[in-house]
Amino acid sequence: MAYLALLGSADGARVDLLAAAAMRLADVSNGTILESSEVYAERKNEGPAGIYANAVVLIDAGAVPDKETIRGIEAELGRIRDPERNIPHTVDIDVLLWM
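Residues numbered from 1 in each chain as written. Predicted model: local features only at pLDDT ≥ 70, side-chain atom pairs only at ≥ 80, totals over all residues. Heavy atoms only, no water.

Draft legend 1. Spotlight on helix H2 (residues 67–76). Within H2, burial applies to Ile 70, Ile 73 and Glu 74. The buried residues of H2 occupy one face: seen down the axis, they fall within an arc of 100°. Seen from the open side of H2, the exposed residues pointing more than 90 degrees away from its buried face are Glu 68 and Glu 76. Looking at the buried residues of H2, the elements they touch are helix H1 (14–28) and strand E5 (92–98). With its phi angle positive at about 95°, Gly 78 sits one or two positions after the end of H2. (Buried < 20%, exposed > 50% of the residue type's maximum accessible area, 1.4 Å probe, protein only. Helix = DSSP H or I, 4+ residues; strand = E, 2+ residues; numbered from the N terminus. Arc of directions from axis to C-beta. Contact = heavy atoms within 4.5 Å.)

Laid out in structure tokens, this is it:
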């Protein structure tokens, strides 16, 4: 089984956080990172973060991590969930596709 994950960061050492998130995803799913995109950065005028960094990773794994596991990784990497959704976050992980 393999899955594709979108990683984002808008606060802190963005590139390092994306790399750490990819490694933790592979680790918790007993997998291997097969491919990763370049890091794409964009400046947004709205919102407090300013610069957003994103990457996509393809992970060959025994299983896709569930929502709680993904939230645990985000918390380990400093993400604080706030009712106000439009605040800078250290890392955001979304599973886009699994096959």
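Draft legend 2. Representation of the pairing of strand E1 (residues 2–9). Among the eight residues of E1, six are classified as buried, and the element is accordingly described as predominantly covered. Bridging between E1 and strand E4 (residues 51–60) involves eight bridges; their strand directions are antiparallel. Of the residues in E4, the one forming a bridge with Leu 4 is Leu 58. Bridging between E1 and E5 involves six bridges; their strand directions are antiparallel. (Pairing = 2+ DSSP bridges.)

Draft legend 3. Spotlight on H1. Under the 1.5 Å per step criterion, the end-to-end length of H1 is 21 Å for 15 residues, consistent within 8% with the ideal 21 Å. Among the residues of H1, Leu 17, Leu 18, Ala 21, Ala 22, Leu 25 and Ala 26 are the ones counted as buried. Along its buried surface, H1 packs onto E1, strand E2 (32–36), E4, H2 and E5. Residue Asn 30 follows H1 closely and has a positive phi angle near 50°. (Expected span 1.5 Å × (residues − 1).)

Draft legend 4. The packing of H1 against H2, seen in detail. Two elements in contact, H1 and H2, have axes separated by 10 Å at closest approach and are oriented at 140°. The pairing of H1 with H2 is recorded here as oblique in orientation. Two packed elements cross with a definite hand, and for H1 against H2 that hand is right-handed. Contacts between H1 and H2 involve Arg 24, Leu 25 and Val 28 from the first element and Thr 69, Ile 70, Ile 73 and Glu 76 from the second. (Axes fitted to C-alpha atoms, helices over the stretch in contact; angles between N-to-C directions. Parallel < 35°, antiparallel > 145°, perpendicular 65-115°, else oblique. Left-handed = near helix turned anticlockwise from the far one by under 90°.)

Draft legend 5. Representation of unusual backbone geometry within the structure. The residue Asn 30 is not glycine, and still its phi comes out positive at about 50°. Here Asn 30 is to be found in the loop between H1 and E2.

That's the geometry; what it means functionally is another story.
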